[in-house]
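Architecture at a glance
The residues making up each chain are set out below.
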Amino acid sequence: MAMLNGQRKSMTSQKSQALDNIRICDFTGQLAGAGATKILAAFGAEVIRIEDPIQQGKWDILRGVPPWIGNARGLEAGGAFNNHNAGKLGITLNLRDSRAKELLRELVRVSDAVTENFASGVMERLGFGYEDLRSIREDIVYVSNNGFGATGPYAAFKSWGPIAQAVSGLTYTSGLPDLPPAGWGYSFMDHTGGYYMATAVLMALIHRQRTGQGQWVDLACIEAAGTLNGVATLDATVNQRPMRREGMPNSNRSQSPKMSPHGIWPTKGHDNWIAIAVRDDREWQILSQIIGETWSSEDRWTRIENRVQDEDELEELLTTWTLNHDRQELAQELINAGVPSAPVLKPQERIEYDQRTAELWVTVEHTEVGQCKVEGLPVRMSETPWSIARGAACLGEHNQYVFGELLGLSDEEIETLAAESVI
Amino acid sequence: MTDVTSNSALFGYRVIEVASERCALAGKMLADMGAEVIVVEPPEGCETRLWEPFAGDVADRENSLHWWHYNTSKKSVALDLESELDAQRFAALVKTADVVIEAEPLGRLDALGLDWEQFHLTNQELIWTSITHHGRDGTDPPATDLTLLAEGGPVWSCGYDDHAIPPVRGGGNQAFHTACHYAVPSILAALMWRENSGKGQLIDVSLLNSSNATTEFATLWWLNGEQQVERQTGRHALPTMTEWTQIQCADGRWFNTGVPPRNKQEFRALRSWIEELELVDQCSPYEILKLGDQFERIGLLELDEDPLAGEVFQAGREAIEFLGQHLNAYDLFVGLQERGMACGIVYSPEEMIGDPHFVGRGFPEQIFYENRNTTHTHPGAPYRFSATPWSATRAPWLGEHQDLLNDLD
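In this report, we go over the structure that sits alongside the text. Not measured: the values here are computed from a predicted model.

A separate point is the overall build of chain B. Along chain B, the regular secondary structure elements total 16 helices and 14 strands. Seen through its C-alpha atoms, chain B measures out along the principal axes to roughly 80 × 55 × 45 Å. Taken across its 409 residues, chain B has 64% of its residues classed as buried. In chain B, once contacts between residues fewer than 6 apart in sequence are set aside, the share between residues at least 24 apart is 66%. As displayed, chain B has an accessible area near 14,500 Å², and 47% of this comes from carbon and sulfur atoms. A distance of 4 Å separates the average location of the 29 positive side-chain charges in chain B from that of its 62 negative side-chain charges.

Before going further, it helps to spend a moment on the interface of chain B and chain A. At the junction of the two partners, chain B supplies 149 residues and chain A supplies 154 residues. Taken together, the two surfaces of chain B and chain A that pack against each other cover about 12,900 Å², and 65% of this comes from carbon and sulfur. The tally of links between chain B and chain A comes to ten salt bridges. One salt bridge connects Glu351 of chain B with Arg244 of chain A, and the closest N-O pair in it is separated by 2.6 Å. Linking chain B with chain A are 64 residue pairs in polar contact (both at pLDDT 80 or more), by the criterion used here. In terms of residues, the side of chain B that touches chain A owes the most to one element, helix H8 (residues 174–197) of chain B, which gives 16 residues. Of the residues contributing to the side of chain B that touches chain A, the split by class is 75 nonpolar, 53 polar and 21 charged. Both strand E6 (residues 215–220) of chain A and strand E14 (residues 384–385) of chain B contribute to a ladder of two bridges, which runs antiparallel. When the bridges of E14 of chain B are listed, Val217 of chain A appears paired with Phe385 of chain B.

The next thing to look at is empty space enclosed by the protein. Throughout the structure, instances matching the rule amount to nine cavities of 30 Å³ or more. Here the largest cavity defines a volume of roughly 130 Å³. Lining of the largest cavity is provided by 15 residues; of these, Gly35, Lys38, His191 and Tyr195 of chain A together with Tyr182 of chain B occupy positions nearest its centre. The biggest single contributor to the lining of the largest cavity is helix H2 (residues 34–42) of chain A, with four residues. Broken down by class, the residue content of the lining of the largest cavity amounts to seven nonpolar, six polar and two charged. By volume, the second largest cavity is sized at about 100 Å³. If you trace the second largest cavity, you find it lined by Tyr196 and Thr227 of chain A together with Leu25, Lys28, Met29, Asp32, His69, Pro379, Gly380, Pro382, Tyr383 and Trp390 of chain B. Here the lining of the second largest cavity gets three residues from one element, more than from any other, and that element is helix H1 (residues 24–31) of chain B. Its residues placed into classes, the lining of the second largest cavity shows seven nonpolar, three polar and two charged.

Let us now look at the sheet that holds strand E5 (residues 141–146) of chain A. Ordered in space as E3(A)-E2(A)-E1(A)-E4(A)-E5(A)-E6(A)-E14(B), the seven strands form an open sheet in which the pairing is mixed. Each end of this open sheet is capped by a strand with a single partner; those strands are strand E3 (89–92) of chain A together with E14 of chain B. Summarising the sheet, strand E1 (residues 23–26) of chain A and strand E2 (residues 46–51) of chain A pair through four bridges and their orientation is parallel. Each residue of the ladder has a partner; that of Asp26 of chain A, found in E2 of chain A, is Arg49 of chain A.

Listing the buried residues of helix H16 (residues 399–406) of chain A in full gives Asn399, Val402, Phe403 and Gly404 of chain A. Looking at the residues trailing H16 of chain A, positive phi occurs at Gly408 of chain A, about 80°.

This next bit is on the pattern of salt bridges. Taken as a whole, this structure holds 61 salt bridges over all chains when the rule is applied. The salt bridge involving Arg303 of chain A is made with Glu305 of chain A; its shortest N-O contact spans 3.5 Å. We classify Arg303 of chain A as partly exposed; its relative accessible area is 47%. On the basis of relative accessibility, which here comes to 44%, the residue Glu305 of chain A falls in the partly exposed class. The residue Arg108 of chain B makes a salt bridge to Glu82 of chain B at a minimum N-O spacing of 2.9 Å. Of this pair, Arg108 of chain B sits in helix H4 (residues 108–111) while Glu82 of chain B sits in the loop between strand E3 (75–78) and helix H3 (84–95), and the two are 26 residues apart along the sequence. Of the residues examined, Arg108 of chain B reaches a relative accessible area of 27% and is grouped as partly exposed. Where salt bridges share partners, they join Arg49, Glu51, Asp60, Arg63 and Glu76 of chain A into one cluster.

Turning next to unusual backbone geometry. For residues that are not glycine, phi is negative in most cases, and the peptide bond is trans in most cases. Residue and element names in this part refer to chain A. For the bond running from Met248 to Pro249, omega is -5°, close enough to zero to count as cis. Mapped onto the elements of the fold, Pro249 is located in the loop between helix H10 (230–239) and strand E7 (262–266). In this chain, Ser260 is followed by Pro261 through a cis amide linkage whose omega measures -10°. Within the element layout of this structure, Pro261 appears in the loop between H10 and E7. Even without glycine at this site, Asp178 takes up a positive phi of about 65°. On the secondary structure map, Asp178 appears in the loop between helix H7 (161–168) and helix H8 (188–211). Of note, the phi angle at Gln240 is positive, near 55°, even though the residue is not glycine.

Residues and elements named next belong to chain A. Strand order in the open sheet made by the three strands is E7-E8-E9, with antiparallel pairing throughout. In this open sheet, the two strands that pair with only one neighbour each are E7 and strand E9 (341–343). Looking at each pair of strands side by side, their axes are set apart by 20° on average, direction ignored. Looking at chain direction, strand E8 (residues 273–277) and E9 are connected through three bridges and run antiparallel. In the sheet register, Ile276 faces E9, and the bridge partner there is Ser341.

Calculation notes
Residues numbered from 1 in each chain as written. Chains lettered and ligands numbered in written order. Predicted model: local features only at pLDDT ≥ 70, side-chain atom pairs only at ≥ 80, totals over all residues. Heavy atoms only, no water. Helix = DSSP H or I, 4+ residues; strand = E, 2+ residues; numbered from the N terminus. Buried < 20%, exposed > 50% of the residue type's maximum accessible area, 1.4 Å probe, protein only. Contact = heavy atoms within 4.5 Å. Areas by Shrake-Rupley, 256 points an atom, 1.4 Å probe, with all protein chains shown as cover. Lys, Arg positive; Asp, Glu negative; His and termini not counted. Charge placed at Lys NZ, Arg CZ, Asp CG, Glu CD. Buried area = accessible area lost by both parts, 1.4 Å probe. Salt bridge = Lys/Arg side-chain N within 4 Å of Asp/Glu carboxyl O. Polar contact = N/O pair within 3.5 Å; in protein donor to acceptor, adjacent residues only side chain to side chain. Nonpolar A, V, L, I, M, F, W, Y, C, P; charged D, E, K, R; others polar. Pairing = 2+ DSSP bridges. 1 Å grid on protein atoms, 1.4 Å probe; cavity = no way out; pocket = protein on both sides within 12 Å on 5 of 7 lines; lining within 4 Å. Points joined across faces, edges and corners; volume = space filled by probe spheres on them. Axes fitted to C-alpha atoms, helices over the stretch in contact; angles between N-to-C directions.

What follows is the structure in structure tokens.
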């Protein structure tokens, strides 16, 4: 129980100690980049996010756009931006100006890692590619994250989450036969690219902690995504069995391991669905008894080979049964009997009513907007619980701290730089 | 500083993984970056060794492609944790470990006297990672990747415009992946903290909450305005239905248009390409594209407010759809990207790994299988480290590294 109490403390403002000796000089934005440094900030790193004062930080397309936080509107009221940048500090630097570049050099000198998810080549053009960064601080860790990576024939190509998903195979493998790809109905690879980016930063920092050696990690979202359909890819390379074949993909079914029935069926009410996964013949026997209809007790369904062979028919029969049931009650009945099942939960249901998720939704204090909710981390750590106490920083909110306390500029110098649009 | 002579980021760390579908990716991610990951299997082998597809379609516990993929770079020992002798061996093995990763049914290891509580008092540096349904203090309902993605949120957002068609589970066992994607950085942060504090800790990753934390706008629209997103074919689920972003090209392949052209450079590039292809006469939106010269940038929020902007934006979409009717998906993809427009071809996994860019970056990884005297192509590095490169060797045979047990007290 000590562990639980420990993690629950994190819901207050106590900062995590795990990375409290780490400072990140952070150029990331959107979700694929900002999602990564949000995790590092939750683990206690001091993440200093840099934005362009001239563009008002709008390189990040999520800044100042819906969904709005409550009734607030404007540059600081974007709910997605707030979610992905919670817990970080925010400063402004106009890198068109040589004085801003000098300030950035000073910041890099006192940082452990530099992170960015610009298009490939942007940092070099700004004069802050890896070799430049290394000349400022020899042991710097630099992690770049863009759709197609820094090298290769498509290095100049642009990407968003759905594009990385399309090119890597994730879109194709999500859908039903004889229909267009359903794909992922959101930027799954922006989330997941962020997870790989956070992982890359930490692996490189561990190596530096043990050896003193920094390095550059070139993360391409399409490659991170390309590792996520490993079994299907191997089936093609080893067995020459392509995924592009008749009847495929059917991602509501299960090919590895083979399970049947395995899918999503309609239940009572509007757009209500239940997922059921029968892992073996024993579980089918349980399900067939619960169904209790003539067809379900037929011998022809007792063996998985037969269920797979006539799966279309079996799925149709199941539909006639599930349609008359409440999805929540039916799922609970199946779970109680030992058969994996779950209602397809709608956002309100999983966020407001599913008590098992309660610790994930964190109330933070946003300087301009006030209290609001963001996603936390689905992890408990007994000694160094994560913590997210603050919403996203307002544009330039921490200029005074970073340029003053950290880099030693006087109030007067900071005022001048602000007046001359350097910061 | 540790004298690390290897060029692996995680060289010298020992990780014990209790074999399971649910945590295999976490072990693989650490092993491919140089940690010594010892996967502990039951004497008959991990159940995933029995899963199709098999190499050459020959069912054998050393042939499962599932096993091959998720267990690269690991070592295998076989132990019957239910037997006293093997339980002692497991305990001795854990004493040598920096990290344990397990996703066993709740209570199983505790009942065997082999859980965190039994180890951490004698090994205070141990980092123990449990991947559970929704916490070590929660319940443990029967669950699969499908049911987790259904109750965890992703399924609600995936599917088709026609809501009579069931919502869709995204392929590839991503519920387990996502929990592992949270487990690994948590373990790494714990290792970093241990370097200074000398203390290990318990990490408890929730499968259910991992999916809940990975739904993008479904959660964000609810947390910030209590609006429910609706699933849409091949594009973002949003509170309102939006226009298509997926088209079928001349060769039958699907294509993601991304965000259509929004500034004058993009409109010009699109127009000049249509001219180069000598398709102007057949392209009905061509004339309207010329009006794109008036726009430095069309904001997506302005489309309803400025009728001309909306019309030009729509012409850009239609022009791309028109090009798709005349070009193969690959040519449309490369052609638009080379002209500065973000878009993507919808590849199947086998097409992805054969694409010139993936090949050019060295993504396909050749792994040698000495028992088959051949190499097979695996998906390769998810990231490229300049000093400590990712690398992978074949998954271990059952009990291949049993000798490791001889070195234990």
